Amino acid sequence: MAKYGKWIGAGLGFVMGGPIGALFGYFIGSTFDTATVVTSGPGNDPGTRPTGRGDFLLSLVVLATALMKADGKVTRNELEYVKKFFRDNFGLEGEREALTIIKNLLNKDIEVEQVCTQIRMNMNVYSRTQLLYFLFGLAKADGMVCKYEISLLDKIANLLGIDSTTYQSIKAMYYDDLNSAYSILGISSTATDEEVKKAYRKMAIENHPDKVGYMGEDIRKAAEKKFMAINEAYEKIKKQRGIN
C-alpha cells in the first residue's frame, strides 16, 4: 500500500482515538508516514489550544464523506465535484489523498453525532467554523445545495457548537444579495449604521486568517476567501447606505 501524509501534515492527535479513529482503524497507521501521535495535557481547553492540521483535515474528510452520502447515494458526478473541490482548495496532492481516504470510508457507517461530539471536545471554535465553511463549499460544488445537504449541515453546525449567527453568516456567503450581506455580518437590515460598523469589526476579528494560518497555507487561503466575503458584504452595505 502506498504511503501518504504530506498533505495531512506531521502529527495526528485526537483523531487517532474515539469514533474517528475507529472509522480508520489500521488504515491510519499503515497509510501515513507522518502518523505521529500528538497529545494534549489533561484538562487542556480546546478553545485555548491550536488545532493540529492532521486532525483538522481528517475531520474534514470524514464529514465531507457523510455529506456526500446525505441523499443516500454517491454518483460519479459527485465524486468528480469532490475531486475538483479538494484540488481547488488543497492542490493535486490534497485531491489524491482525500479521495483515497473517502473511498475507504464510503462503505462505512459514519455516526455524525459521535464524530461531531469528538471534534467539538477537541477542536477550537475558529477551526470548527472553518470546517463548516469548507463543508458548505463542498455542498455547493455542484452548483446547488440540496435539502438533504442543508438538513445535515444544520445538524453538523448544531453538534459542533456553532452559534446560529455564525452559521447563518457562513450560509449567506453562498447567496449573493443584499439580505445575504446583512446575514454575513450577523445582523438584520434594521441595524443602525453604528451597529453595522460594530458587527463588521467583530466579524473581521473573529474570522481573521491568522486564526487558522498555522494549519497551512491552503487552509489560510480558504480563510482569506471567507474574510474577503465579510469585507465585500460590508462594502455592499456601506455603498447602499452611503456610509463613509
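Everything below is about the structure printed above this text.
On a predicted model such as this, the values are computed, not experimentally measured, just so you know. Within each chain, residues carry numbers counting from 1 in the order of the written sequence. At least 70 in pLDDT is required for a residue's local features to be given in this predicted model, at least 80 for side-chain atom pairs to be given and counted, and no such filter applies to totals for whole chains, interfaces and linings, which use all residues. By convention in this description, side-chain values take in all heavy atoms of the structure and omit both hydrogens and water.

1. Quick notes on the pattern of salt bridges
Moving on, step 1. The working definition used for a salt bridge is a side-chain nitrogen of Lys or Arg within 4 Å of a carboxyl oxygen of Asp or Glu. Considering all chains together, one arrives at twelve salt bridges under this definition.
Moving on, step 2. Two residues, E113 and K155, come together in a salt bridge whose shortest N-O distance is 2.6 Å. Pair noted here: E113 is in helix α5 (residues 112-122) and K155 is in helix α7 (residues 147-159), with a separation of 42 residues, a long-range link.
Moving on, step 3. Given the relative accessible area of 35%, E113 is considered partly exposed.
Moving on, step 4. Residue R220 pairs with D210 through a salt bridge whose shortest N-O separation is 2.7 Å. Segments assigned H or I by DSSP are reported as helices when at least four residues long, segments assigned E as strands when at least two residues long, and all are numbered from the N terminus. Only protein chains enter the calculation, and the probe is 1.4 Å; a residue is then buried if its accessible area is under 20% of its type maximum, exposed if over 50%, and partly exposed in between.

2. Remarks on empty space enclosed by the protein
Moving on, step 1. A cavity here means a set of points on a 1 Å grid, drawn over the protein atoms and nothing else, where a 1.4 Å probe fits but cannot get out; a pocket is an open set with protein on both sides within 12 Å along at least five of seven lines, and a residue lines either one if it has an atom within 4 Å of a point. Grid points are joined across faces, edges and corners, and a volume is the space filled by probe spheres set on the points. Per the counting criterion, the structure on display carries one cavity of 30 Å³ or more.
Moving on, step 2. Here the largest cavity is characterised by a volume of approximately 110 Å³.
Moving on, step 3. Considering the residues around the largest cavity, the lining is formed by L67, M68, E78, Y81, V82, L138, A139, A141, D142 and E149.
Moving on, step 4. Every element with two or more residues in the lining of the largest cavity is listed here: α3 (53-68), α4 (76-105) and α6 (125-139).
Moving on, step 5. When residues in the lining of the largest cavity are grouped by element, the largest group, three residues, is from α4.
Moving on, step 6. When residue character is reported, Ala, Val, Leu, Ile, Met, Phe, Trp, Tyr, Cys and Pro are called nonpolar, Asp, Glu, Lys and Arg charged, and the others, Gly included, polar. Considering only residue class, the lining of the largest cavity consists of seven nonpolar, no polar and three charged.

3. A short note on the nonpolar core
Moving on, step 1. To define a nonpolar core, start from buried Ala, Val, Leu, Ile, Met, Phe, Trp, Tyr and Cys residues and group those joined through side-chain atoms within 4.5 Å. Among the nonpolar cores identified, the biggest contains 76 residues, and F86, I119, L132, L153, I156 and L185 are the most heavily contacted of them.
Moving on, step 2. The greatest single-element share of this core, amounting to eleven residues, is contributed by α3.
Moving on, step 3. Residues contacting L132, with those up to four places away along its chain left out, are L153, I156, A157, I162, Y167 and I170. Whether two residues are in contact is decided by their heavy atoms: any pair within 4.5 Å suffices.

4. Digging into the side chain of S59
Moving on, step 1. In this structure, S59 sits in helix α3.
Moving on, step 2. The class for S59 is buried, based on a relative accessible area of 0%.

5. So, the packing of aromatic side chains
Moving on, step 1. Between rings of Phe, Tyr and Trp, where Trp is taken as its six-membered ring, a pair exists when centres lie within 6.5 Å; planes separated by under 30 degrees are stacked, by over 60 edge-to-face, and by other angles tilted. Going through the model one piece at a time under the given rule, you end up with eight aromatic pairs.
Moving on, step 2. Between Y133 and F134 the ring centres are 6.4 Å apart and the planes differ by 55°, which places this aromatic pair in the tilted class.
Moving on, step 3. Under the relative-accessibility criterion, F134 is labelled buried at 1%.
Moving on, step 4. Aromatic ring contacts, followed pair by pair, group F56, F85, F86, F90, Y133 and F134 into a single cluster.
Moving on, step 5. Remark: a charge is flagged as sitting over a ring if the NZ atom of Lys or the CZ atom of Arg is within 6 Å of the ring centre and within 35 degrees of the ring normal. Positioned above the aromatic ring of Y133 is the side chain of K226, whose terminal nitrogen or guanidinium carbon lies 5.7 Å from the ring centre.

6. Side note on helix α10 (residues 193-206)
Moving on, step 1. By definition here, a helix of n residues has an expected span of 1.5 Å times n minus one. Its 14 residues place the ends of α10 20 Å apart at the C-alpha level, agreeing with the 20 Å of an ideal helix rising 1.5 Å per residue.
Moving on, step 2. Taken residue by residue, α10 has V196, A199, Y200, M203 and A204 as its buried positions. Buried residues in α10, looked at end-on, bunch into an arc of 130°, giving them a common side. Seen from the buried face of α10, the exposed residues on the opposite side, beyond 90 degrees, are E194, K198 and I205.
Moving on, step 3. Where α10 is buried, its residues meet α8 (164-172), α9 (178-184) and α11 (217-241). Starting at the helix axis, one direction is taken to each C-beta atom, and the arc is that of these directions.

Such coordinate-based values are descriptive only and should not be taken to indicate function.
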